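For reference, the chains in residue letters:
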Amino acid sequence: MQYFSTRNRTQTVSASQAIAQGLAADGGLFVPERFPQVELAELCEKSYPEMAQAILGRYLTEYPAAFLPAVLPAVYGAPFAGKAGCAVPVSEDTWALELWHGPTCAFKDYALQLLPKLLVQAKKNLGRTETTRILVATSGDTGKAALEGFRDVEGTEIAVFYPQDGTSVIQRMQMATQEGKNVAVYAVKGNFDDAQTGVKRVFARASEPDFAAALSAQNVRLSSANSINWGRLVPQIVYYFAAYAQLVRAGTVKLGQPVDFCVPTGNFGDILAGWYAKQMGLPVGMLVCASNRNNVLTDFLSTGTYNARRAFYKTTSPSMDILISSNLERLLYHISGSDTAVAGWMRQLKEAGRYTVDDTTLAALQNSFACGCADDEQVAEEIRMQYQKHHYLCDPHTAVAFRVARLWREKAGRTAPMVVLSTASPFKFPRSVLEALGCAAPANDFDAMHALEAKTGCAAPQSLSVLSDKQERFTERIAPADIRAAALKSCKQ
Ligand SMILES: *Cc1c(COP(=O)(O)O)cnc(C)c1O
């Protein structure tokens, strides 16, 4: 299997190159040359690690045959408490695909537990021996999931930069208490944009002579773990199949009947994996793209115009507070089939902050994708309704999707079963959830976590509840201008 850039399909690379490199040299994203077909009945019989092996094996064709069977059972076993890809019925015809049973209680664990292993093997496949230093700017979830994934992975180091007042207390404690011998965590004096711009600047300057010399003296190459890497996208295809298999087993659908999925969306990676699953032969009906008040994708999928020049809102679902949804570029390539069209749209996005796709492309997008959005008040209402009516406790990200799914089904008169992707544990956002349930939320996140446990009788995941007793390991605060110097420092502790 070969990959090429969404902006130029003449130059192909292997999966190892795509994963080691992250972004194509022309700024495009790597996409697979075709979608391998799977035998659905056979796949539905498999365990989660076996399913992952069958799917990933078709994309990582030059990896040694023994690699996936050696790593997948450990990656998707104990760290996910035996609940990898677990779907639960919530109400009539609606299921929640609970993707937060991993070590950091967010769905990003599915990709970030595996990516380090894919990267180490990719380097072996390519005969490269340098140390990879991963730099991550995070608003919360990605940083912790990446730290957990890369900790103590041989041949790698990871440095995470988060805005000092930009995360929840729980998210900050998750990172500040991180264990591992190859990790570093910095609070940046500024907001998320300051942290992200600082990290982007480091990458942009990595080729300057003095900087490059300093890195090569350490035998280090910089890399990123953000969601545009193919190695982060491909593991996410698996849980769509896993969810479907459970609906078949429960008798909710017969093998081959369509299921709709609704996905709380930010960077468009999670929902795109669902579209990939559909191309591989999974009976996906519609994919519903759910946004919060930052509804740039709702507007795009409704009108064909992507307009990033708009107000940015901080919401109760912070991991979806995004104006430039990077992975959409991959879908635009697959749907339009034109690398030159994609390159043109992306140039317009960069220069003018907007682009408009042609009518044929828009119609094809609308064939597979529905959309909708919900603001914070509607999200709180949905959390309360799901809890009171169905005894289902969900986090604000998941609630965005529940609400959008519910209204869309009613309006479109859909009867196919609906799977809502549940992307974070409600205990990661205890204050918002408590307030949604009509309770006064204590100012401290940990007090709020206990109050939410007391109110609902549900236990918080242990990895979160133990945090308040843990020693903070990383307390360094740096100015955005010092990110460059931090990037040159070894993360070895
Ligand atoms: C990252 C994240 C999302 C958005 O996923 P994308 O792949 O960026 O669309 C949704 N919910 C939670 C909890 C997340 O951490």
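First things first, this report covers the structure right here in the doc. (Residues numbered from 1 in each chain as written. Predicted model: local features only at pLDDT ≥ 70, side-chain atom pairs only at ≥ 80, totals over all residues. Heavy atoms only, no water.)

1. Details of the packing of aromatic side chains
Right, on to step 1. One pass over the full model with this rule turns up 23 aromatic pairs.
Right, on to step 2. Measuring from centroid to centroid gives 5.8 Å for Trp230 and Tyr276, while their planes differ by 55°, and the two rings are tilted. Of this pair, Trp230 sits in helix H11 (residues 230-233) while Tyr276 is found in helix H13 (residues 269-279), placing the two residues 46 residues apart along the sequence. By the burial criterion, Trp230 is buried, and Tyr276 matches it.
Right, on to step 3. Each member of the aromatic cluster is reached from another via a ring pair, and the members are Tyr48, Tyr76, Phe80, Tyr110, Tyr239, Tyr240 and Phe261. (Phe/Tyr/Trp six-rings, centres within 6.5 Å; stacked < 30°, edge-to-face > 60°. Helix = DSSP H or I, 4+ residues; strand = E, 2+ residues; numbered from the N terminus. Buried < 20%, exposed > 50% of the residue type's maximum accessible area, 1.4 Å probe, protein only.)

2. Considerations on unusual backbone geometry
Right, on to step 1. In this model, Asp152 sits at a positive phi of 60°, which is unusual for a non-glycine residue.
Right, on to step 2. Locating Asp152 in the fold gives a position in the loop between helix H7 (141-150) and strand S7 (156-163).

3. Here we look at the pattern of salt bridges
Right, on to step 1. Within this structure, the stated rule accounts for 18 salt bridges.
Right, on to step 2. Glu329 serves as the salt-bridge partner of Arg7, at 2.8 Å between the closest nitrogen and oxygen. You can see Arg7 sitting in the loop between strand S1 (3-5) and strand S2 (8-13) and its partner Glu329 sitting in helix H15 (residues 328-336), a full 322 residues away along the chain.
Right, on to step 3. Of the charged contacts in the structure, one is a salt bridge between Lys144 and Glu148, with a shortest N-O distance of 3.4 Å. With Lys144 and Glu148 both in helix H7 and four residues apart, this pair spans about one turn of that helix.
Right, on to step 4. For Lys144, a relative accessible area of 8% corresponds to the buried category.
Right, on to step 5. For Glu148, a relative accessible area of 17% gives the class buried.
Right, on to step 6. Connected through shared salt-bridge partners, Lys144, Glu148, Arg151, Glu179 and Lys470 make up one network. (Salt bridge = Lys/Arg side-chain N within 4 Å of Asp/Glu carboxyl O.)

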